[in-house]
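Listed below are the residues making up each chain.
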Amino acid sequence: MLIREILEESVQKFGEVKAVKWLNRKEVLEKSYSEMMKNVISTRKGLLAEDFAGKHIALIGTSSVEWIESYLGIITGCITAVPLDAALPCEELIDLINRSDSEALFLSPKHRPYLEAFLANCPKLQKVWMLQEEVEDLPSGVYSINELRDMGKSAAEDASCPKAEDIATIIFTSGTTGKSKGVMLTQNNLASNVEAVKISAEPGTAMLSVLPIHHAFCLVMDWLKGFSQGATICINDSLLHMVRNMSIFKPDIMLMVPMMIETIYKRLAAADPEIPEAVLAEKVFGGKLQTIFTGGAHLDPYYIDRFAEYGVQILEGYGMSECSPVISNNTPENHKPGSIGRPLENVEIKFENGEILVKGTSVMKGYYQMPDETAETLKDGWLHTGDKGYMDEDGYLFINGRVKNLIILSNGENVSPEELENKLALNPLVAEVIVTGEENGLTARIYPEQAVVEAKALDTEMIRSQLQEFLDEYNKNQPTYRRITGLVIRKNPFIRSTTKKIRRQDVLFERAFPQSARPTLWEILQKAFFKHALMQNIT
């Protein structure tokens, strides 16, 4: 079964169920599966009439009903979709449009200021459609999405169903270790991943989508998996509004990265202890949230236990874009805190020198126009994940670090910094931490939790004293080679990739951030939860 067949089956089963809900100022708008599918088909037929069959088309924009309808219109025909990170600067987007050989573009109205640069610097770009139904004063070669749909509605011919091994989408990795790579995922890759994730939901189940839509985790597990279940995907318009939107849409299920979960908990922990947990949970989570699926980085089991106290189950999974993306997951029926779940039924796992290797129908075809990088990652059909891990006697998978991040000390001992960082990050005063190996010892580089610093009126010396006291206590229970012997307190957050992972290669270089710099995800979440949830909703 392909994504087109999955979608058509969902429309047959759930035609009148609301597929998407979103906010237009204060009004909640919605669209049923049948209504959405009409736009998907007209987009698909319009692209065929425009002679884009077999070509690549890029999309730039944040989550919107126009974005997802356009994406589905592309991949359900014989065209390859290239979703790009809308947060990237203009010059990087130009590079990715060109490197992906995209010949057309769907563009968010917010990115209209980039339009002239795209047209001038992307020679293969033939047409641009604005992700907006009505738009005025457009230059030559640029049209509204309605013009494409109108062409599709009047076209007699529909695109044929793509083949299983056709490239459905090219998703660029974040490039934390160098030049970003275009992950080629086939129709079968995507469909088999959607089918292999054994999670069920009743038609109309509300899912609030808060992650970037170009990211494989969000695109496949929020949208494609959600649509396969007849779920209602509710669009979060801003991280600053997430708490407000949870109270508006009242989600049953959400996908989050660990940073979000950690931030929410720190805000919950800062609430008045006299407030009953049930009241606190309803104010923050909207009153219906039952399950959070998380992935993208390790989450300490501590948070799983704490969220359970508020009636919310956290289920951790594991994946990467190269695997479409899910490799393993915990489910409501089968789960083990601390693990990343059992491998999906379409996945084989083996270990080579501690590294997790993956084979299966969800594994990518390769990196677009990067044969050397493909050969390095895919060997004899096995994808080398770069993650270190093991499987327990019950078949649950565990990760204990990255192969490339191992710190090798002069005494020959190998230390996985992630294991130490996950423990250090539990301290309320620690917002971000990276452990590095220096001068035959380990150094903790810590960016303090600013909300705690402000609440306790801590000065520089007090911060250092409290952190050193914490490290001294931590070291008491560690073997000599795992003890933290150095402490660096950062004035600024770490540099992060667009998928919000710390860029380790930049850690050793202190960078001064201008005051006007774009706030980090961490800072946005802090502001949102501290001011909105705790001060307005709860107190």
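Within every chain, residues take consecutive numbers counted from 1 along the sequence as written. For this predicted model, a pLDDT threshold of at least 70 governs which residues receive local features, and a threshold of 80 or more governs which side-chain atom pairs are given and counted, while totals over whole chains, interfaces and linings are taken from all residues. With hydrogens and water set aside, each side-chain value is computed from the structure's full complement of heavy atoms.

Explain the packing of aromatic side chains here, please?
A ring pair, where both rings are aromatic, is described by two values, the distance of the centres and the angle of the planes. Aromatic rings from Phe, Tyr and Trp, taking only the six-membered ring of Trp, are treated as a pair when their centres fall within 6.5 Å; an angle between ring planes under 30 degrees marks them as stacked, one over 60 as edge-to-face, and anything in between as tilted. This model, assessed by the stated rule, comprises 12 aromatic pairs. When the centroid spacing of 5.9 Å and the interplanar angle of 75 degrees are considered together, the rings of Tyr265 and Tyr303 count as edge-to-face. With Tyr265 in helix α10 (residues 258-269) and Tyr303 in helix α12 (residues 301-308), this pair connects stretches of sequence that are 38 residues apart. Just as Tyr265 is buried, Tyr303 falls in that class too. Relative to Tyr303, the ring of Tyr302 lies with its centre 5.5 Å away and its plane at 85 degrees, an arrangement referred to as edge-to-face. Counting every residue linked through ring pairs, the aromatic cluster contains Phe14, Tyr33, Trp223 and Phe227. Only runs of H or I of at least four residues qualify as helices and only runs of E of at least two qualify as strands under DSSP, and these elements are numbered from the N terminus. When a residue's accessible area, from a 1.4 Å probe over protein chains only, is under 20% of the maximum for its type it is buried; when over 50% it is exposed; and in between it is partly exposed.

Is there a simple way to think about the nonpolar core in this case?
In summary, soluble globular proteins display a tendency toward joint burial of nonpolar side chains. As used in this record, nonpolar core signifies buried Ala, Val, Leu, Ile, Met, Phe, Trp, Tyr and Cys residues forming a set joined through side-chain atoms within 4.5 Å. Formed by 112 residues in total, the largest nonpolar core has its most connected members in Tyr71, Leu72, Phe106, Phe227 and Phe285. Apart from the residues within four sequence positions on either side, Phe227 is in contact with Leu7, Ser10, Phe14, Ala19, Val20, Tyr33, Met36, Ile68, Leu72, Asp222 and Ile233. Listed in part, the 26 residues of the second largest apolar core include Ala58, Phe118, Ile167 and Tyr368. Contacts are residue-level and defined by heavy atoms, with any inter-residue pair within 4.5 Å sufficient.

Looking at this model, I keep getting lost on the pattern of salt bridges. Mind explaining?
One side chain can pair with another of opposite charge once the charged atoms of both are near each other. Salt bridges are defined by distance alone: a side-chain nitrogen of Lys or Arg within 4 Å of a carboxyl oxygen of Asp or Glu. What the rule picks out here adds up to 23 salt bridges. Among the ionic pairs, Glu8 bridges to Arg4, the shortest N-O distance being 3.4 Å. Of this pair, Glu8 and Arg4 both sit in helix α1 (residues 3-14), four residues apart, which is roughly one turn of that helix. Exposure remark for Arg4: the relative accessible area of 9% places this residue in the buried category. The salt bridge involving Asp158 is made with Arg4; its shortest N-O contact spans 3.8 Å. Here Asp158 is found in the loop between α6 (145-154) and β8 (167-172), whereas its partner Arg4 is found in helix α1, with 154 residues between them in sequence. Through salt bridges with shared partners, a single network forms among Arg4, Glu8, Arg44 and Asp158.

Whenever I open this one, the sheet that holds strand β15 (residues 326-329) confuses me. Can you help?
By way of backbone hydrogen bonds, the strands of a sheet pair with one another, either parallel or antiparallel. With mixed pairing, nine strands are arranged side by side in an open sheet as β2-β1-β11-β10-β12-β13-β14-β15-β16. In the strand order of this sheet, the two ends are held by β2 (27-32) and β16 (342-343), each with one partner. Think of it this way: DSSP has to see at least two bridges between two strands before they count as a pair. Pairing geometry for strand β12 (residues 253-256) and strand β13 (residues 291-294), over four bridges, is parallel. The residue of β13 that forms the bridge with Met256 is Thr294. Lying on the sheet, α10 is in contact with β12, β13 and β14 (313-319); it crosses β12 at an angle near 110 degrees. Axes here refer to lines fitted to C-alpha atoms; in helices the fit is confined to the stretch in contact. Angles between the N-to-C directions go from 0 to 180 degrees.

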